[in-house]
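Structural features, examined
Chain by chain, the residues:
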Amino acid sequence: MTDDVSVVQRAVRKILGPLIVSAASVGLAFWLFAYTQHDIDQDARLRFDSQAADAKHIIEKRLRSYVGVTYGLKALFAARGSLSRAEFHRYVESLDLKQNYPGFEVLNYARHIQAREKRHLEEEVRRDTSLDPRGYPEFMIKPPGNRPEHHVLIYLEPMVGNEFAFGLDIGSTDVRAKAINRLRDTGELISSGRLLSVGKDRFVGLAMRLTVYRDGARLNTVDDRRAAFVGTVGAGYDVRNLMTGVLDETTMTSMRYRLYDAGTVGEDRTEKQQLTLLYDSAQKADGVPRDDVAMPSGASHFDAMLPFELAGRTWELHFSAPQSAFVQRADAQLPWLVLAGGLLSSALLFGVLYSFASSRERAVALAGEITRELRESEMSLADAQQLARLGSWALDMNAREMTCSAETLRILGLEPSAAPLPYDAFLSRLHPVDRVAFDAAVALSAGMATTGSLEYRLEHGGSDERWVHFILQPLPDSNGAQLRGTIMDVTERKRAEQTERESAVQIRDLLRRLVSVQEAERRRLAADLHDLVGQNLSVLGIGLETIRGSLPDKTARNSAKTFDDMAQLMKETMGSVRQVMSDLRPPLLDDYGLYKAIEWHARQFELRTGLPVSVHGDTLQPRPAPEVELAMFRIVQEALTNAAKHAAASQARIALTTGAGRVRLVIEDNGRGVLPVHGANDRPHAGWGMAVMRERAEAVGGGMRVECPRKGTRIIVEVAAGDQNHPG
């Protein structure tokens with residue numbers, strides 16, 4: 001009976017350990033399954049969020065481009081003072097709305113008049129034959145009624161299909177009148193915020209309006225704006241046509257997106273207030289969107305809401321998509337593969353542990369197997385050292401003997417041997433010039449207990465040098481008496497580095513020639529613009545005045561405004577040509593030097609961008625070499641462009657000094673700065689603009705560095721002045 005109990009106890013002890021370990025392994029497998037599943041879900045969510053953000057950017061850009069047309073119409077009224085029906089028609093026709101802006105249903109202009117001007121306006125429109133020789137004899141303001149003021153739609157394009165709105169007083173109701181008065185007092189773009197149905201069974205969509213003020217009037221206060229108010233321009237959009245084709249159908253097939261109006265900007269929206277649905281990509285039928293398309297029940301899906309502001313209102317884009325659309329087939333199978341692998345590993349682990357516990361003989365056999373594998377590992381290590389050309393060694397400082405691997409002896413050119421290598425024999429394999437330095441490095445590493453990394457030449461009878469890389473490391477608790485390390489043949493790397501240095505010199509020379517050819521081409525283009533375009537424009541101007549003088553007095557008076565407009569256009573064109581010539585090759589740079597050219601460019605840049613730029617320093621005498629002046633001028637142009645475009649700076653400062661045969665240029669601004677600084681100074685991580693400036697500086701033998709003080713960015717360029725062959 002006792003023997004039976006002992007047998008059972010031994011069996012239980014033998015199986016209990018493997019069972020516990022296997023249970024833990026199974027638990028780990030399920031944890032890995034859950035972790036992998038969660039990671040895949042997170043990755044799918046990130047892809048969905050990224051795609052939704054890209055789609056929101058595209059849709060917002062499309063909407064803002066349409067709003068830009070309305071602003072352009074307002075600018076046309078402001079620039080011309082008053083606009084005839086024919087001019088309004090030609091402007092809208094030139095936009096080619098059907099091709100370029102298919103979402104537009106109508107562009108219109110509503111003139112603001114007082115009640116006493118009502119009859120005069122009706123007579124004026126009836127007699128207007130600029131587009132229709134018959135005029136508009138039946139025109140009248142509608143709806144009829146006596147109101148203190150009117151906002152009458154007198155221009156509509158296209159007119160066909162929109163005749164019902166011709167003469168409509170859009171301020172005829174109290175609600176509309178209040179909206180127009182708010183628009184008049186603020187001058188901001190307003191939107192209907194909801195879908196509008198206009199005409200029988202005809203769906204238009206959104207409507208937006210902008211104020212038109214009298215040209216040149218003061219607009220500082222509300223009273224000023226009311227006094228200058230002359231009317232409004234507006235647009236009607238078919239949201240479905242506007243959104244058609246805005247997103248790539250091939251990449252967004254699984255994504256559903258809906259556009260909502262969420263109310264006025266800054267308005268506190270309560271939970272009871274409903275969003276206004278403007279567009280639903282899932283709805284294929286015409287008509288008002290109903291928001292009644294539901295996701296498949298039981299299917300996991302992603303949702304995202306991305307808001308933006310436009311026309312004084314908050315808009316929301318709601319994106320939704322099934323989760324399966326963003327999980328690749330291989331990713332969906334991965335958690336199950338992990339679980340299956342974990343369970344299989346658990347079973348194998350149980351079998352191995354049970355086998356280990358089964359018999360002492362098995363353990364002895366396993367020890368023998370481990371010993372064999374250890375010997376194979378040592379052989380593999382030797383093979384790996386040979387493949388990597390990396391040898392190992394150990395140095396006894398007291399005995400001055402080294403234990404070297406076979407690869408170390410091969411690198412040193414010695415025969416394989418199990419006997420220790422005398423330290424002096426090892427030193428004799430180094431180049432005579434490097435022996436003393438290596439011995440001193442070994443003594444320093446042993447005395448300071450620090451790791452060292454060194455490269456020296458080997459004694460070699462041939463013409464080509466051989467280089468090796470050493471790593472020295474004192475053994476712990478040896479008080480510097482024992483060192484170990486590695487040796488690697490780096491001859492090929494040294495040759496590659498030398499080739500790279502030679503290539504860098506060639507590339508720099510090529511870059512200098514490229515910049516020289518580029519500037520020569522710019523100079524040629526500027527000359528061609530001056531000789532051809534400039535002269536031709538001057539001849540055209542003279543011919544225009546000649547034609548104007550040869551006309552009869554009555555014709556000349558009738559055409560005076562047209563001739564004035566053409567003369568002004570000719571003047572502006574010549575100014576633009578001169579600006580292009582100056583940008584291609586500033587004449588001040590050749591005639592008056594770098595400092596004057598920088599001063600001129602700073603003034604022009606300030607006029608164009610509104611960014612104040614101060615220039616400090618003195619005219620460089622004697623002047624630097626031409627290529628130095630040109631390179632530094634181009635660097636100034638690029639740095640100022642970055643400050644205005646990317647840094648959001650409010651002021652910039654340029655300092656130009658010289659001394660000790662070097663020219664020093666400092667450009668700094670108070671913008672948001674460049675972070676991190678090491679990224680701006682690191683060639684592989686620098687942005688395109690920084691890389692261009694750095695290459696220009698290096699092409700003329702100089703250097704550039706970027707600093708970030710507490711606020712802003714400072715770019716410092718130092719270049720040798722070069723051959724001073726300019727005239728004084």
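The sections below set out a description of the structure shown in this document.

Side note on the overall build of the protein chain
Assigned secondary structure in the protein chain consists of 20 helices and 21 strands. Put simply, 62% of the contacts in the protein chain that link residues at least 6 apart link residues at least 24 apart. Just so you have it, the protein chain exposes about 42,100 Å², and 56% of that area is on carbon and sulfur atoms.

Here's the deal with the pattern of salt bridges
In the structure shown here, the tally under the stated rule is 31 salt bridges. Among the salt bridges present, the one from R127 reaches E123, with a minimum N-O distance of 3.9 Å. Accessibility expressed as a relative area gives 54% for R127, which makes it exposed. Look at E123 and you get partly exposed, because its relative accessible area is 31%.

Quick word on a nonpolar patch on the surface
A contiguous nonpolar patch, built from V8, V12, I15, L16, L19, I20 and Y354 and spanning about 600 Å² of accessible area, is present on the exposed surface. In terms of residue count, the dominant contributor to the nonpolar patch is helix 1 (residues 2-80) (six residues). Relative accessible area serves as the criterion here: at 44%, V12 is assigned to the partly exposed category.

Describing the side chain of T491
Mapped onto the secondary structure, T491 falls in helix 13 (residues 491-550). In terms of polar contacts, T491 uses its side chain to reach the backbone amide nitrogen of W467, at 3.0 Å. For T491, the residues in contact, after removing those within four places along its chain, are E465, R466 and W467.

Topic: the nonpolar core
In this structure, F77 and L107 are the most contacted members of the largest nonpolar core, which totals 71 residues. Top element by residues in this core is helix 1. It accounts for 13 residues. Apart from the residues within four sequence positions on either side, L107 is in contact with V69, L73, F88, V92, L95, L97, Y155, L156, E157, G234 and A235. Within the second largest apolar cluster, 39 residues are counted, among which are V628, I654, V719 and A721.

Things to note about the sheet that holds strand 14 (residues 452-457)
The six strands lie next to each other as 13-12-11-16-15-14, forming an open sheet whose pairing is antiparallel. Two strands lie at the open edges of the sheet, namely strand 13 (421-422) and strand 14, each paired on one side alone. As defined by bridge partners, strand 14 adjoins strand 15 (residues 467-474) across six bridges and the pair is classed as antiparallel. Bridged to E455 within strand 15 is H469.

Notes on the sheet that holds strand 20 (residues 703-707)
Pairing within the open sheet is mixed, and its five strands lie in the order 17-18-19-21-20. In this open sheet, the two edge strands, each paired with only one partner strand, are strand 17 (613-617) and strand 20. Looking at each pair of strands side by side, their axes are set apart by 15° on average, direction ignored. As paired strands, strand 20 and strand 21 (residues 713-720) are joined by five bridges and run antiparallel to one another. Note that in strand 21 the partner of G703 across the bridge is E718. Its contacts with the sheet place helix 17 (residues 594-609) against strand 17, strand 18 (652-659) and strand 19 (662-669), and it is angled at close to 170° to strand 17.

Conventions used here
Residues numbered from 1 in each chain as written. Predicted model: local features only at pLDDT ≥ 70, side-chain atom pairs only at ≥ 80, totals over all residues. Heavy atoms only, no water. Helix = DSSP H or I, 4+ residues; strand = E, 2+ residues; numbered from the N terminus. Contact = heavy atoms within 4.5 Å. Areas by Shrake-Rupley, 256 points an atom, 1.4 Å probe, with all protein chains shown as cover. Salt bridge = Lys/Arg side-chain N within 4 Å of Asp/Glu carboxyl O. Buried < 20%, exposed > 50% of the residue type's maximum accessible area, 1.4 Å probe, protein only. Patch = residues over 30% accessible without salt bridge, like charges linked within 9 Å, V, L, I, M, F, W, Y side chains within 5 Å. Polar contact = N/O pair within 3.5 Å; in protein donor to acceptor, adjacent residues only side chain to side chain. Core = buried A, V, L, I, M, F, W, Y, C linked by side-chain atoms within 4.5 Å. Pairing = 2+ DSSP bridges. Axes fitted to C-alpha atoms, helices over the stretch in contact; angles between N-to-C directions.

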